[in-house]
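Per-entry structural report
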Protein chains: 2
Amino acid sequence: MTTVISSESARSAVEEIAAVASRRSTVVDLARAALSRAGEVEDRIHAFCCLDEQVVLESAEAIDRHGDKPLKGLVVGVKDVIDTAAMPTCYGSPLFAGHQPAHDADIVATIRRLGGLVLGKTSSTEFAMFEPTDTRNPVDLTRTPGGSSSGSAAAVAAGVLPVALGTQTAGSVVRPAAYCGIYGFKPSRGWTSTQGVFPLASSLDTLGILARNIGDLRLVYEATRSSPPPMRRDRRELRTVAVLPATEWGEVEPEVLDALHAASRRLQAHGLAVMDLDMPPDWVALPSRHETVMAFETARCLRQLLGDRVTEISPSSRNVVAKGETTPREEYEACLEAARRATEVLGHLCQTVDLFLTPSALGVAPSGLDFTGDPVMCRPWTLMGLPSANLPSFRTDAGLPIGIQAVSPVCDDLGFLDDLELLEDLLSAEA
Amino acid sequence: MTTVISSESARSAVEEIAAVASRRSTVVDLARAALSRAGEVEDRIHAFCCLDEQVVLESAEAIDRHGDKPLKGLVVGVKDVIDTAAMPTCYGSPLFAGHQPAHDADIVATIRRLGGLVLGKTSSTEFAMFEPTDTRNPVDLTRTPGGSSSGSAAAVAAGVLPVALGTQTAGSVVRPAAYCGIYGFKPSRGWTSTQGVFPLASSLDTLGILARNIGDLRLVYEATRSSPPPMRRDRRELRTVAVLPATEWGEVEPEVLDALHAASRRLQAHGLAVMDLDMPPDWVALPSRHETVMAFETARCLRQLLGDRVTEISPSSRNVVAKGETTPREEYEACLEAARRATEVLGHLCQTVDLFLTPSALGVAPSGLDFTGDPVMCRPWTLMGLPSANLPSFRTDAGLPIGIQAVSPVCDDLGFLDDLELLEDLLSAEA
């Protein structure tokens, strides 16, 4: 297995910010280190669609000249579907080659305002759908990194960056994180402004964060959410975990189910209550409901944006548009209504369950670069708008990452991050 | 005082939906009743900028022909800055006279999907800023209804509609609700998609709901929020209310302070703990911080949208753009950072305080139609993204509404609605 993963030497964003605050590093140092690491691996992983050394170093110098800021020392990658005023934004499409937005997306503006440095734009599948990039999985270069946040996941996994921004409309943050063996966090829907983010399906599009540890997820989450006040009053500790194999949604590979059960046993050994959850009947059809909603909205968005040029997009994207354009509005609306009904059971479940554990994907990263993998295990959670994250605690015997997905039954992102930290501790501890 | 307010005969949306569900009414009946009430008052209040009887009745017939739906029987008004595919949307500006969006805004699509009927577009100040409409306050026709959701507030107060949609970037939901004597609810920032809503200042823009009772606010809120799952686990009952006169923010009229103290006494008499809150030092400058953020973002939005035609907008709007264009980016960013710091105290406050009570506006609705009133008492809460609402429980001796603003220290909209219901009961009960 040809890999570019090195032995965990890369520092976290939290450490790098502390190093800059205490004058042990400058932002230019960090930028040079990231560019150097990119230089080592980029010709093999192709994580970036725009990486301009001169722009980066000039920005880093400017940040160093300014005073202290909360994110000074953060170096991030930004998925190519998120607008940046200083770099082209092509939405993963040749139709937008060289397209230069006038303004930063809100989330990019926030990061820059707080002293963060954008290293470059990371490759996205075409319009964040399924047409792959040439990005390779750093763990095994013969495999896909997953999509659509392909470059963000690869750059973080390969140690070029501690953190990168992604977006999830189906499974585009959690799935590539699972395939590349890193953390991927999709907060609850509406957690932050999506202004300046390519609008694919407005009922579903959610910004997400990819990182190698939960402290870095928290750092970027807290700095960039646009609903400011914490929702922590009377916060309950993580006590009860419900395991949901969700084999109703697809053919989950045995290795994934084994990892899920291993996780369950380890948590039980550390004193958590673990229960097996039968899938609520209203949830069985959620993946196909999601697919219908996404296709309907995507068709509308792309048709509005591209007009007749919609015929020039790739066949795989055209298929989604075609499905969406032939879906009757009544069917679309019935799917949204079914999604609403599917959330009703959460009101009861959250009385006893603090967290769901379920597969992040059907299996390990597929071989080859033609197929970015099936997002089916993420579709329902995106449709319901719940906070979800990939936990990269397991590997196959061959060393390929297996992702376990944690999902919160309530939209309390900060409490969810607390839970993830505890899970990370327990899953990595000896039983 | 010339008023068009009649003696509370108008039914609530909840009642109208129940009447349709039990076949005591049809949607056409309700549409005719609303059109008839509009016919009685509209030439005096000018709440609507688009009200097409034929379109309304055809839509109502179509809804009647379809099966049962959760909002079947809801008749709403939609502020003119919110896109509607079946009616023109002019953003309160002559530059967009006759402008016809291709699609409904997400919130309108949701309401229609669930069986709701849009009666018409309600008048908005120019681009939801300060240039007034010719709308009059139904309580006293010589006074402004407030802005920018002028028509929505007037139509609801006059009994034309039980519910209307508004938007708040400074104080555009809570203030007109206060002046017109109705409920106005601005949920926490990001509670629902703003796609298809005129983007004025993306850090601040929030959709809101105007109604004559809290049950109707809840109905529309629950049906239209895009973050679905309830956040009710371990919900705490309303026990402690902090009264914040906020005279640091502006010259609050004595009648408003009297009402605030009367509210405080009544709640105490009913067993709630009421404390006087000194304004946290970080909050004193929030109104001017808000003004800077809004001007900076508004200038950018309008310049991008209008290009050189930005010179053709009204002088009052041009002033905001001019302020925004001469604000250095550093100052704008410092204001956003100050807003972030200002929310930090909430983490402590919410341990002891369940709700703030504070004035909705400096006084009663100003005389005349030239000035829609000062939004200063709402700016800080909008900037911090907290759920807030006007409670219309008080009147001056002359019968003019005095608004008390309830604000939640945490972003728990559903819990906040529970609190509002309790407050409504206690404030209307005999002491």
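Residues numbered from 1 in each chain as written. Chains lettered and ligands numbered in written order. Predicted model: local features only at pLDDT ≥ 70, side-chain atom pairs only at ≥ 80, totals over all residues. Heavy atoms only, no water.

Helix and strand counts for chain A stand at 13 helices and 11 strands. Within chain A, the fraction of its 431 residues that count as buried is 64%. Long-range contacts, defined as pairs at least 24 residues apart, comprise 79% of the intrachain contacts of chain A with a sequence gap of at least 6. Of the roughly 15,000 Å² that chain A leaves accessible, carbon and sulfur atoms contribute 49%. Of the side-chain charges in chain A, 39 are positive and 56 negative, and the distance between the mean point of each set is 4 Å. (Helix = DSSP H or I, 4+ residues; strand = E, 2+ residues; numbered from the N terminus. Buried < 20%, exposed > 50% of the residue type's maximum accessible area, 1.4 Å probe, protein only. Contact = heavy atoms within 4.5 Å. Areas by Shrake-Rupley, 256 points an atom, 1.4 Å probe, with all protein chains shown as cover. Lys, Arg positive; Asp, Glu negative; His and termini not counted. Charge placed at Lys NZ, Arg CZ, Asp CG, Glu CD.)

Looking now at the domain arrangement of chain A. Residue and element names in this part refer to chain A. Assigned domains of chain A: these are domain 1 (13-224) and domain 2 (240-280 + 345-428). Taken together, the 43 residues of domain 1 in the interface contact 44 residues of domain 2. Together, Arg143, Tyr179 and Arg218 form the three largest contributors to the area buried by domain 1 at its contact with domain 2, with a combined 18%. With a shortest N-O distance of 3.3 Å, arginine 218 and glutamate 421 are connected by a salt bridge. (Domains from an automatic or database assignment. Buried area = accessible area lost by both parts, 1.4 Å probe. Salt bridge = Lys/Arg side-chain N within 4 Å of Asp/Glu carboxyl O.)

We now examine the packing of helix α1 (residues 13-21) of chain B against helix α7 (residues 214-224) of chain B. The geometry of a pair of packed helices is captured by two quantities: the angle between their axes and the separation between those axes. All names here are of chain B. At their nearest, the axes of α1 and α7 sit 8 Å apart, and the two run at 65 degrees to each other. Compared by their axis directions, α1 and α7 come out roughly perpendicular. Of the residues in α7, those in contact with Ala13, Val14 and Ile17 of α1 are Gly215, Asp216 and Leu219. (Axes fitted to C-alpha atoms, helices over the stretch in contact; angles between N-to-C directions. Parallel < 35°, antiparallel > 145°, perpendicular 65-115°, else oblique.)

Tracing the sequence through the fold places A:Asp278 in the loop between β8 (273-276) and α9 (286-306). For A:Asp278, a relative accessible area of 69% gives the class exposed.

Attention shifts here to the sheet that holds strand β1 (residues 48-50) of chain B. Residues and elements named next belong to chain B. The sheet built from 11 strands is open, its strands ordered β1-β3-β2-β4-β6-β5-β10-β11-β9-β7-β8 with mixed pairing. Pairing within the sheet leaves two strands with one partner each, and these edge strands are β1 and β8 (273-276). Each strand of the sheet is rotated relative to its neighbour by a mean of 30 degrees, with strand direction disregarded. The pairing of strand β5 (residues 183-186) with strand β6 (residues 206-211) spans three bridges and is antiparallel. The residue of β6 that forms the bridge with phenylalanine 185 is isoleucine 209. (Pairing = 2+ DSSP bridges.)

Attention now moves to the packing of aromatic side chains. Working definition: an aromatic ring pair is given by the centre-to-centre distance plus the angle between the planes. Residues and elements named next belong to chain B. Throughout the structure, instances matching the rule amount to 24 aromatic pairs over all chains. Pairing phenylalanine 127 with phenylalanine 198 gives two aromatic rings, centres 5.1 Å apart and planes at 25 degrees, and the pair type is stacked. Of the two residues, phenylalanine 127 sits in the loop between β3 (117-122) and α5 (150-157) while phenylalanine 198 sits in the loop between β5 and β6, which places them 71 residues apart along the sequence. Accessibility classification places phenylalanine 127 together with phenylalanine 198 in one group, the buried group. (Phe/Tyr/Trp six-rings, centres within 6.5 Å; stacked < 30°, edge-to-face > 60°.)

Burial analysis of helix α5 (residues 150-157) of chain A places eight of its eight residues in the buried class, the great majority of the element. A positive backbone phi angle near 80 degrees is found at A:Gly159, which sits one or two residues after α5(A).

What follows concerns α7(B). Spacing of three or four residues puts side chains on the same side of an α-helix, whose turn is 3.6 residues. All names here are of chain B. Within α7, eight of the 11 residues are buried, which leaves the element mostly enclosed by the surrounding structure. Within the span of α7, buried status applies to Ile214, Asp216, Leu217, Arg218, Val220, Tyr221, Ala223 and Thr224. Buried residues along α7 sit in contact with α1, α4 (106-113), β4 (163-168), β5, β6 and α13 (413-428). Capping of α7 at its N-terminal end is provided by asparagine 213; its side-chain oxygen lies 3.0 Å from the backbone amide nitrogen of glycine 215. (Polar contact = N/O pair within 3.5 Å; in protein donor to acceptor, adjacent residues only side chain to side chain.)

Residue and element names in this part refer to chain A. The sheet built from 11 strands is open, its strands ordered β1-β3-β2-β4-β6-β5-β10-β11-β9-β7-β8 with mixed pairing. This sheet does not close on itself; its edge strands, each paired only once, are β1 (48-50) and β8. Within the sheet, the average angular offset between the axes of one strand and its neighbour, ignoring direction, is 30 degrees.

Residues and elements named next belong to chain B. Across the interface, helix α9 (residues 286-306) lies against helix α11 (residues 329-352) with an axial gap of 9 Å and an inter-helix angle of 135 degrees. Relative to α11, α9 is oriented oblique. Note on packing geometry: the crossing formed by α9 with α11 is left-handed. Across the interface between the two elements, Leu286, Arg289, Thr292, Val293, Phe296 and Glu297 from α9 touch Arg329, Glu331, Tyr332, Cys335, Leu336, Ala338, Ala339 and Ala342 from α11. For the contact of α9 with α11, a count of residues per class yields nine nonpolar, one polar and four charged. (Left-handed = near helix turned anticlockwise from the far one by under 90°. Nonpolar A, V, L, I, M, F, W, Y, C, P; charged D, E, K, R; others polar.)

This part takes up the pattern of salt bridges. Per the counting criterion, the structure on display carries 24 salt bridges over all chains. Between B:Arg23 and B:Asp68 there is a salt bridge; the shortest N-O distance is 3.4 Å. Pair noted here: B:Arg23 is in the loop between α1 and α2 (27-45) and B:Asp68 is in the loop between α3 (53-65) and β2 (75-79), with a separation of 45 residues, a long-range link. On the accessibility criterion, B:Asp68 (56% relative accessible area) is exposed. Residue B:Glu337 is joined to B:Arg340 by a salt bridge in which the shortest nitrogen-to-oxygen separation is 2.6 Å. You can see B:Glu337 and its partner B:Arg340 sitting in helix α11, three residues apart, about one turn around the helix. For B:Arg340, a relative accessible area of 30% corresponds to the partly exposed category. Linked by salt bridges that have partners in common, A:Arg218, A:Glu222, A:Asp418 and A:Glu421 make up one network.

Residue and element names in this part refer to chain A. By the secondary structure assignment, aspartate 80 is in the loop between β2 (75-79) and α4 (106-113). Although aspartate 80 is buried, it forms no salt bridge, and the closest oppositely charged side chain is lysine 121 at an N-O distance of 4.1 Å. Once residues within four sequence positions are removed from consideration, aspartate 80 is found in contact with Cys49, Pro88, Thr89, Cys90, Tyr91, Gly92, Lys121, Thr122 and Ser124.

What follows concerns a negative patch on the surface. Negative charge collects at one region of the surface, where A:Asp52, A:Glu53, A:Glu58 and A:Glu61 lie side by side. Tracing the backbone through its elements, the reader meets A:Glu58 in helix α3 (residues 53-65). (Patch = residues over 30% accessible without salt bridge, like charges linked within 9 Å, V, L, I, M, F, W, Y side chains within 5 Å.)

Residue and element names in this part refer to chain A. Along the chain, alanine 62 turns up in helix α3. On the accessibility criterion, alanine 62 (23% relative accessible area) is partly exposed. Taking the C-alpha atoms as reference points, alanine 62 and glycine 73, separated by 11 residues in sequence, lie 12 Å from one another.

A separate point is unusual backbone geometry. Across residues other than glycine, the phi torsion is negative in most instances, and most of the peptide bonds are trans. Along the chain, A:Gly147 connects to A:Ser148 via a cis peptide bond; the corresponding omega equals 0 degrees. As for its position among the elements, A:Ser148 is in the loop between β3 (117-122) and α5. Residues other than glycine seldom take positive phi values, yet B:Arg23 does so here, at roughly 65 degrees. Its relative accessible area of 59% is what places B:Arg23 among the exposed residues. Phi is positive for B:Tyr91, which is not a glycine, with a value near 55 degrees.

Bringing the pairing of β3(B) into the picture now. All names here are of chain B. Within β3, six of the six residues are buried, which leaves the element mostly enclosed by the surrounding structure. With two bridges joining them, β1 and β3 adopt antiparallel strand pairing. Paired with cysteine 50 across the strands is lysine 121, a residue of β3. Pairing analysis gives five bridges linking β2 to β3, with the strands arranged parallel. Paired with glycine 77 across the bridge in β3 is glycine 120. Running through α4, the crossover from β2 to the neighbouring parallel element β3 is right-handed. (Right-handed = clockwise from strand over helix to strand, strands pointing away.)

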